[in-house]
Amino acid sequence: MMSHLGWLAALALVIMHFLFKALLFLAIGGVAMRTKTKYMYQMGGLIKKMPFTFISVLIGIIVIASVPPLTGFGGKWIMYNAIMEKEWFFQAGIVFFAGVIAFLYCFRLINTIFLGQLKDEHRKLKEAPFWMLFPQYIILIIVLVISALPNSLLKPIGEILMPYFPAGALEWHGQLALSAYGYWNGMLIMMIVFGIFASVFAWLYIINRKAQKVRQFNIVYAAERPSRPETTHFAYNFFAPYRKALGFLVAPGITNFWDAVSDGAHAIADKVRSIYNGNGQTYLAHIIAYVVIIYVLINGGF
């Protein structure tokens, strides 16, 4: 049975998932609208052309990866407490590495779209429209407020759960959350992380203040012409170093297994999708059937 901490972690992560997914979809939608393409290899170097969108994507992947000081880390911290409460140490390790992997595969988004060389056709590119940036920054403000003031979200949720799951609840002292396994202070963590960031940024600025700007140059290929257009992008084969280090995890047997799982899931989804055909009468029949089935289950028969 799930504990108080388990439910609190689940609800906190659901809310964060809604926020960062909305943020990333809006941001990438703005990029696709301005570049008029959905292929990342046709992009690159957009950090100066679309800086506000870049910030949105950066904040979004930090929340995904559950990295301090943003609130994704807060939800993950509660999850660790819930896992430790059950003494599921193996699952705790999986949760940790899942966050690292999430950051790596999402960093490719930033690396491919916003870094590298700007394409010639994007030299006059403009930032995303205001009405696409406005909701993004509303979400960013909400994320930052919840990150700095976690009890504004988690404490009310905890109070709602208290009558049903009283055992193991967090104890709040201002922004300080206490559990049986440690504590977390969102405001303090944010101040420390931003202090470290500001110090490192100032140091890099001082030592690089005389650095000369390197002009953009064209990539020159020797011998044969690249066989596919995506191979001309600097971020092509981005995951090669990880594949080299973890090659045993993508051995043919394992790859074939996950390919079979993927194909099976797609086949099942196609069958289910055939039921939802967009017809209003069909949906009404589904709703009636659902109500009847629930009624039968609750009342033990007709």
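Residues numbered from 1 in each chain as written. Predicted model: local features only at pLDDT ≥ 70, side-chain atom pairs only at ≥ 80, totals over all residues. Heavy atoms only, no water.

Remarks on the side chain of Asn 111
In this structure, Asn 111 sits in helix α4 (residues 89–113). For Asn 111, the residues in contact, after removing those within four places along its chain, are Phe 234, Ala 235 and Phe 238. (Helix = DSSP H or I, 4+ residues; strand = E, 2+ residues; numbered from the N terminus. Contact = heavy atoms within 4.5 Å.)

Here we look at the environment of Met 162
Among the secondary structure elements, Met 162 is positioned in the loop between α6 (151–161) and β1 (171–173). Each C-alpha atom of the pair Met 162 and Thr 53 lies 40 Å from the other, and the pair is 109 residues apart in sequence. When near neighbours in sequence (up to four residues on either side) are disregarded, Met 162 contacts His 4 and Ala 169.

Details of the side chain of Thr 37
Tracing the backbone through its elements, the reader meets Thr 37 in the loop between α1 (4–35) and α2 (51–64). Polar side-chain contacts of Thr 37 include one of 3.2 Å to the backbone nitrogen of Tyr 39. Engagement of the side chain of Thr 37 in a polar contact is seen with the side chain of Gln 42, the distance being 2.5 Å. (Polar contact = N/O pair within 3.5 Å; in protein donor to acceptor, adjacent residues only side chain to side chain.)

Digging into the nonpolar core
Judged by nonpolar contacts, the single largest core of 49 residues is most densely connected at Leu 46, Ile 78, Phe 114, Leu 154 and Leu 170. Broken down by secondary-structure element, the contributors of at least two residues to this core are α1, α2, α3 (71–86), α4, α5 (130–148) and α6. No other element matches α1, which puts eleven residues into this core. In contact with Leu 154, not counting residues within four places along its chain, are Leu 8, Ala 12, Ile 78, Trp 172 and Trp 184. (Core = buried A, V, L, I, M, F, W, Y, C linked by side-chain atoms within 4.5 Å. Buried < 20%, exposed > 50% of the residue type's maximum accessible area, 1.4 Å probe, protein only.)

Side note on the packing of α2 against α5
Contact geometry for α2 and α5: axes closest at 11 Å, N-to-C directions at 40 degrees. Overall, the two elements α2 and α5 adopt an arrangement that is oblique. α2 and α5 meet at a crossing whose hand is left-handed. Residues Phe 52, Thr 53, Ile 55, Ser 56, Ile 59 and Val 63 of α2 form the contact with α5, whose participating residues are Leu 133, Gln 136, Tyr 137, Leu 140 and Val 143. Looking at side-chain class alone, the contact of α2 with α5 contains eight nonpolar, three polar and no charged residues. (Axes fitted to C-alpha atoms, helices over the stretch in contact; angles between N-to-C directions. Parallel < 35°, antiparallel > 145°, perpendicular 65-115°, else oblique. Left-handed = near helix turned anticlockwise from the far one by under 90°. Nonpolar A, V, L, I, M, F, W, Y, C, P; charged D, E, K, R; others polar.)

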